[in-house]
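For reference, the chains in residue letters:
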Amino acid sequence: MVTRYLVTTADERTWPKGHPVLFLGEWCRRHSRKSVWKKLNADLEPYHWDDRKKLYMDYKYLEEFHEKLLISLSDKLNELHSVKYSQQYWRILIGPWLKYFTEILFDRWFMLQQVIEQGKIDSCRIYERAPELLIPKDMAGFNKLYVEDDWNEAIYGQLIKILWGERVLVENVSFQKYDNLSYEKYINFFLHGWKKCLKRLISSVIYTVNKLTTRDDDFFLISSYLPLNTEFQLQLKLGQFPKLWFSMPFTLDVKPDIQKRQWKLDLGTYEDAFSKIACQMIPKHIPTAYLEGYGELADKVNRLAWPKKPKAIFTSNAYSADDLFKCWAAGKVENKVPIVIGQHGGNFGMTPFASHEEHQIKIADRWLSWGWQDTKRKKIVPIGNLKTNSHKVKHDPKGDVLMVTMALPRYSYYLYSVPIAGQWLHYFKDQKRFLKALPNELYKRVLLRLYHQDYGWDQMERWRDVMPDVRMDNGNKKFRQVLGSSRIFIGTYNATTYLETLAWNIPTIVYWDNKYWELKDEVKPFFEMLKNAKIFHESPEEAAQHLINIWDDVDYWWKNEKVQKARKDFCKFFSTRNNDLINDIAYILRQQ
């Protein structure tokens, strides 16, 4: 067996010259750089989570591990900050980061173990960096880091040096971050900077008004996912002056202090190979907002013009990346203030594993679903789709085909039932199969809507290479606006969009590969019902053939009694339109 040089990311500055290489995953091979990597003597390492049974078992292991880590880290943070907060307090504040980080770290660690222990590689180039460059300020900063090559290269490098430094010949490379965007930044300031300044000014005015009109016991609503007019109506129903609450951007003056991070978590007798390295890595990477900057964060929270003793807290989006809100909310929970969280998209309640769903339900007193229930999780209350009630969307019976696609990070992040890392390429192939199955006249009527965030997959370039004449929308226009000029919607993944089109009664065809979009056994009958009505399909070709069959009169098929019954029965559980939504949410908030 040829021993190869390990390449961990798409950063070509770490690629060797003149050596056989092993790419650790598809994330290393940017489509835009195909002309470079195609010339190399290179192999691609199989991805461990292509075995989806292993993925599910690893997910279960990581869920259990997370709970043990949370206990240990909560105790450590209480000690470091001289406080005595509950585990629930720390779950609200640090839980999202801890979940993301350990699930990400496990993937990076396992892939390295796989290639090194099997003797597939013997050398690697690793950047030398100041360790503080890898530490995010807060959760929002971490969300920007983990999708980038720089951060992932650093994680791989740290793991290699700590665990396999004696087995892998490491060539250290001086780290130089690209700095070729100065002109771009200059232009962007004039194109977009004024918008940010205006937004800050408006935010300051709203914040001042809130400060004058807020009562200490107001219900607190932030990032509710409700349309603004619905949110204001809800606040009036709750007997308070409508306010638009949001977190103001904040900075932390403190910097990471590496000397204060020389501690390690203790899990007692619960130790295995991964848990040992995780306990070492967490102190190195925990955001400064939870460690050196925690006192400053707490001080900012104490100065917020938010209710001191809210009757209840309601959010759908702020629970993860908004550390100012999380720190404030965690403190209120210590004083028995209830938190209600609303469902903020699709996929929920349908899949056998979903890390973010588990976290939300654990921190909430009530979790409002779009229609589904779970007898094992009593906190879940079916309330209806929070977005669709106030919007009336119509399609154009003579319009075109709107086909919506998605993209996910090239590197794995939190775990749920979706294509992970390089599995996105299988998803991309399915979309090509669908379009290739259409006759030319119908193919020309398709508008392909790309995901607004590319994540380095080079979506547009890929499509131009394989189908240069396909019509594309870059995803920046409002979905409802594009949908209004379409005859039919084609959904290609299990998330929000098709749930909205079904609720709006827009003709819809959905398909995906069940290998990567696993469903719970108990929800499969609902999709079988959609399948019998030819709404849901299990292959691109089957979906394309149905589109061909109905194209001349889509509405005739869509208005068929069997199709409408399937749509209504499905929406009742997963995207119901509740005409009494405001009263129902108000009732739940008052009952807490």
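Residues numbered from 1 in each chain as written. Predicted model: local features only at pLDDT ≥ 70, side-chain atom pairs only at ≥ 80, totals over all residues. Heavy atoms only, no water.

Notes on the overall build of the protein chain
In step 1: A count of helices and strands for the protein chain gives 22 helices and 16 strands.
In step 2: At 25 Å, the protein chain has a C-alpha radius of gyration in line with the 25 Å of a compact globule built from 592 residues.
In step 3: Counting only C-alpha atoms and orienting by the principal axes, one finds that the protein chain spans roughly 70 × 60 × 55 Å.
In step 4: Residue burial in the protein chain is summarised as follows: out of 592 residues, 57% are buried.
In step 5: Sequence separation of at least 24 residues holds for 77% of the intrachain contacts in the protein chain that already meet a minimum separation of 6.
In step 6: Computed over 88 positive and 73 negative side-chain charges, the inter-centroid distance for the protein chain is 4 Å. (Helix = DSSP H or I, 4+ residues; strand = E, 2+ residues; numbered from the N terminus. Rg over C-alpha atoms; globule rule 2.2 N^0.38 Å. Buried < 20%, exposed > 50% of the residue type's maximum accessible area, 1.4 Å probe, protein only. Contact = heavy atoms within 4.5 Å. Lys, Arg positive; Asp, Glu negative; His and termini not counted. Charge placed at Lys NZ, Arg CZ, Asp CG, Glu CD.)

Digging into the environment of E148
In step 1: Along the chain, E148 falls in the loop between α4 (139-145) and α5 (149-164).
In step 2: A relative accessible area of 44% places E148 in the partly exposed class.
In step 3: Residues E148 and Y455, spaced 307 residues apart in sequence, show a C-alpha to C-alpha distance of 8.3 Å.

Description of the pairing of strand β14 (residues 486-491)
In step 1: Extensive coverage of β14 is indicated by the burial of six of its six residues.
In step 2: With five bridges joining them, strand β11 (residues 400-404) and β14 adopt parallel strand pairing. Bridge assignment links M403 to a residue of β14, and that residue is I490.
In step 3: When β14 meets strand β15 (residues 508-511), the two strands line up parallel, connected through three bridges. Its bridge partner being in β15, F489 is matched across the sheet by T508. (Pairing = 2+ DSSP bridges.)

Concerning the sheet that holds β11
In step 1: If you trace the six strands from one edge of the open sheet to the other, you get β13-β12-β11-β14-β15-β16, paired in parallel fashion. Edge positions in the sheet fall to β13 (471-473) and β16 (536-537), since each has one partner strand and no second.
In step 2: Each of β11, β14, β15 and β16 is contacted by helix α19 (residues 540-550), which is oriented at about 165 degrees to β15, the strand it contacts most. (Axes fitted to C-alpha atoms, helices over the stretch in contact; angles between N-to-C directions.)

Some remarks on the packing of helix α3 (residues 87-117) against helix α11 (residues 323-334)
For any two helices packed against each other, one specifies the crossing angle of their axes together with the interaxial distance.
In step 1: α11 packs onto α3 with a crossing angle of 165 degrees between their chain directions and a minimal axis gap of 8 Å. Considering their axes alone, α3 and α11 lie roughly antiparallel with respect to each other. Seen from above, α3 lies across α11 with right-handed handedness. Touching Q88, Y89, I92, L93 and P96 of α3 are D323, K326, C327, A330, G331, V333 and E334, all from α11.
In step 2: Split into classes, the residues belonging to the contact of α3 with α11 amount to seven nonpolar, two polar and three charged. (Parallel < 35°, antiparallel > 145°, perpendicular 65-115°, else oblique. Left-handed = near helix turned anticlockwise from the far one by under 90°. Nonpolar A, V, L, I, M, F, W, Y, C, P; charged D, E, K, R; others polar.)

Some remarks on the confidence of the model for the protein chain
In step 1: Averaged over all residues, the pLDDT of the protein chain equals 93, while 95% of them reach at least 70.
In step 2: Predicted confidence is poor over residues 179-187, with pLDDT under 50, and the contacts of this stretch with residues over four places away or in other chains come to zero contacts. (pLDDT = per-residue confidence, 0-100.)

Notes on the environment of P352
In step 1: Mapped onto the elements of the fold, P352 is located in the loop between β8 (339-342) and α12 (355-363).
In step 2: On the accessibility criterion, P352 (35% relative accessible area) is partly exposed.
In step 3: For the pair formed by P352 and L252, sequence separation is 100 residues and the distance between their alpha carbons is 39 Å.
In step 4: Beyond its immediate chain neighbours, meaning those up to four positions away, P352 contacts Y56, S417, E518, L519 and K520.

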